[in-house]
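# Results of the structural survey
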Amino acid sequence: MATDTDPSDTSDPGDASGAADASNATDQRSTGLSGRLRTRNTARETAELVGIGLVGLLAAFMLGFILLYWFREFPYVELLYTEFRIAGRLLDGVLGTNVFKHPFMWQSLSTGVLIGIVAPLVGSFLVHRQMALIGETLAHAAFAGVAISLVFNSLTGWDGSILVGALVIGVLGALIVQWLADRTDTYGDVPIAIMLSGSFALGTLLISAGRGQTNFSIESLLYGSIAVVTPDGTRLMGLLSVVVVLAVAVNYKQLLFITFDEQAARVAQLPVDRYNTLLVVMTAVVVVGAMQVLGVILVAAMLVVPVAAASQVARSFRETVYLSILIGQAAVLAGFAVSVSLSLPAGGSIVMAAIGIYLAAIGLSKSGVTAISTH
């Protein structure tokens, strides 16, 4: 009797059904796992964006205080400033502190908060370009600028801000480093070492020659101090921070391209030298503003340590930027708290807080740097 079954077909319908069920179960598990991963990634990204938003609000608040303090002599602004002082006293009463009623503490805190944003922001490009030591170099150049400003003020009687001189010499030092790098065709350690040692030697010579002609505390500038932050320095930091953030926002794609493949950027006819100059000048600007709180010796740490910590756990360059800003902000706030409560130098407290976060990040992840490089 004829049948519709092919004699060569030895498969069991029950086996086929079981295989289909197993395949469906595997697909469902895979879909469920990918769904959980997507949910986890989305939650992580949301948390990072919320954190960046809070940091942005804090920065806006601090910039508002800088403007309020700057124009406090105007009638309506004076009223707002008085209300702000009252709120500071109330905050001291609630927290049991003696900090927030003093304007100079708000100046220092404002400067620190802005440092916690712009230093990791610029440092993200420096670290991934293996230019971490350039921050230390430009800090020494700024130190020479301070020395030149002090000598100039003592000889001429001019009462200008020494940070202006530091900014001018710091930017000039950045341009010299860029020029040396172009002539040696690399950002090697030779031009950086020459500028680092030479500028610090010049600063020490000028300060030794002019010792006794000024009552400025060089030690505070070297190691960092809350008391060394002046109203002019706070305003300068506010202005420089806005300029740096805008410059990075406008040139982000170009800086990213150059950071990870400079040769391809040159092939694409991108003005690489111009963007390299922009990066080192921004670094000099950040260093000058940050050395008020961190000191010349420790200022480079805020360009490097938060980025190094973020690189341990981040999965992309953009996430590294976000996390480094959050880590930098956490280090600044924790460092200020330790500095005020224990009467310790602000610079050392902030840097040690950042290093503590870095060590914790190492314990959390072992593949962050590799993941970023691959991405």
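Details of the structure are given in the entry above.
Report follows, based on the coordinates. Predicted model, so just to flag it, every value in this text is computed and none were measured. (Residues numbered from 1 in each chain as written. Predicted model: local features only at pLDDT ≥ 70, side-chain atom pairs only at ≥ 80, totals over all residues. Heavy atoms only, no water.)

Let's shift gears to the packing of helix H11 (residues 272-298) against helix H14 (residues 346-364). For the pair H11 and H14, interaxial distance at closest approach is 8 Å and the crossing angle is 75°. By the angle between their directions, the pair H11 and H14 is classed as roughly perpendicular. Packed against H11, whose contacting residues are Val293, Leu294 and Leu298, the element H14 presents Ala346, Gly347, Gly348, Ile350 and Val351 at the interface. When its residues are assigned to classes, the contact of H11 with H14 shows six nonpolar, two polar and no charged. (Axes fitted to C-alpha atoms, helices over the stretch in contact; angles between N-to-C directions. Helix = DSSP H or I, 4+ residues; strand = E, 2+ residues; numbered from the N terminus. Parallel < 35°, antiparallel > 145°, perpendicular 65-115°, else oblique. Contact = heavy atoms within 4.5 Å. Nonpolar A, V, L, I, M, F, W, Y, C, P; charged D, E, K, R; others polar.)

The next thing to look at is helix H13 (residues 317-342). Under the 1.5 Å per step criterion, the end-to-end length of H13 is 37 Å for 26 residues, consistent within 8% with the ideal 38 Å. Phi turns positive, to about 55°, at Ser343, one or two residues after H13. (Expected span 1.5 Å × (residues − 1).)

On to unusual backbone geometry, then. With a phi angle near 60°, Gln130 is a residue other than glycine that sits in the positive phi range. With respect to the element layout, Gln130 can be found in the loop between helix H3 (103-128) and helix H4 (134-156). Among the residues examined, Gln130 registers a relative accessible area of 73% and is labelled exposed. In this structure, Ser343 takes a positive phi of about 55° despite not being glycine. Here Ser343 is to be found in the loop between H13 and H14. The class of Ser343 is exposed, set by a relative accessible area of 66%. (Buried < 20%, exposed > 50% of the residue type's maximum accessible area, 1.4 Å probe, protein only.)

As a further point, take the layout of surface pockets. Unoccupied space between atoms shows up once a probe the size of one water molecule is rolled over them. Of the volumes computed, that of the second largest pocket is approximately 320 Å³. Along the wall of the second largest pocket there are 14 residues; nearest its centre are Leu121, Val245, Val321, Tyr322 and Ile325. Those elements that provide at least two residues to the lining of the second largest pocket are helix H1 (13-70), H3, helix H8 (231-250) and H13. Classifying every residue of the lining of the second largest pocket gives twelve nonpolar, one polar and one charged. (1 Å grid on protein atoms, 1.4 Å probe; cavity = no way out; pocket = protein on both sides within 12 Å on 5 of 7 lines; lining within 4 Å. Points joined across faces, edges and corners; volume = space filled by probe spheres on them.)

Turning to the pattern of salt bridges, a few remarks are in order. The full count for this structure, using the stated rule, is seven salt bridges. We note a salt bridge from Glu48 to Arg44, for which the minimum N-O separation is 3.4 Å. Taken together, the residues span about one helical turn, with Glu48 and Arg44 both in helix H1 at a distance of four residues. Since its relative accessible area comes to 29%, Arg44 is described here as partly exposed. Where Arg44 meets Glu319, a salt bridge forms, and the shortest distance between an N and an O atom there is 2.6 Å. Of this pair, Arg44 sits in helix H1 while Glu319 sits in helix H13; the two residues are 275 residues apart in sequence, bridging distant segments of the chain. Bridged by salt links that share partners, the residues Arg44, Glu48, Arg315 and Glu319 form one connected network. (Salt bridge = Lys/Arg side-chain N within 4 Å of Asp/Glu carboxyl O.)

Attention shifts here to a nonpolar patch on the surface. Nonpolar side chains collect at one region of the surface, where Leu67, Trp70, Phe71 and Phe74 lie side by side and expose about 420 Å² of accessible area between them. In this structure, Leu67 sits in helix H1. (Patch = residues over 30% accessible without salt bridge, like charges linked within 9 Å, V, L, I, M, F, W, Y side chains within 5 Å. Areas by Shrake-Rupley, 256 points an atom, 1.4 Å probe, with all protein chains shown as cover.)

Soluble globular proteins tend to bury their nonpolar side chains together. Counting 89 residues, the largest nonpolar core has Ile134, Val244, Met282, Met291 and Ile350 as the members making the most contacts within it. Per element, the largest residue contribution to this core is 15 residues, and it comes from H11. If near-sequence neighbours (up to four positions away) are discounted, Ile134 is found in contact with Leu126, Val177, Ile192, Val280 and Thr283. Among the nonpolar cores identified, the runner-up in size contains six residues, and Ala309, Ala310, Ala314 and Ile327 belong to it. (Core = buried A, V, L, I, M, F, W, Y, C linked by side-chain atoms within 4.5 Å.)

Our next topic: empty space enclosed by the protein. According to the stated counting rule, one finds one cavity of 30 Å³ or more in the structure shown. As for the largest cavity, its lining consists of Phe65, Ile66, Tyr69, Gln107, Pro231, Thr234 and Arg235. Listing elements by their share of the lining of the largest cavity, those giving two or more residues are H1 and H8. Residues of the lining of the largest cavity, tallied by class, amount to four nonpolar, two polar and one charged.

If you check H3, its first and last C-alpha atoms are 38 Å apart, about what 26 residues at 1.5 Å a residue would give, namely 38 Å. Maximal helix bending in H3 amounts to about 25°, located at Ile115. For H3, the buried fraction is high: 23 of the 26 residues fall into the buried class. Two residues or fewer after H3 comes Gln130, characterised by a positive phi angle close to 60°. (Bend = angle between axes of the 7 residues up to and from the residue.)

Looking now at the packing of aromatic side chains. By the definition in use, this model includes 15 aromatic pairs. Relative to Phe71, the ring of Trp70 has its centre 5.2 Å away and its plane inclined at 15°; by these criteria the two rings are stacked. Given the relative accessible area of 44%, Trp70 is considered partly exposed. Of the residues examined, Phe71 reaches a relative accessible area of 35% and is grouped as partly exposed. Ring geometry for Phe125 and Tyr252: centres 6.2 Å apart, planes at 70°, overall edge-to-face. Taken together, the positions of Phe125 in helix H3 and Tyr252 in helix H9 (residues 252-260) put the pair 127 residues apart, joining distant regions of the chain. Pair check on accessibility: Phe125 and Tyr252 agree, each one buried. Above the plane of the ring of Tyr69 lies Arg72, whose end atom (NZ or CZ) is 4.0 Å from the centre. Just above the ring of Tyr275 sits the side chain of Arg274; from NZ or CZ to the centre is 5.7 Å. (Phe/Tyr/Trp six-rings, centres within 6.5 Å; stacked < 30°, edge-to-face > 60°. Lys NZ or Arg CZ within 6 Å of the ring centre and 35° of its normal.)

Purely geometric stuff here, so don't read any function into it on its own.
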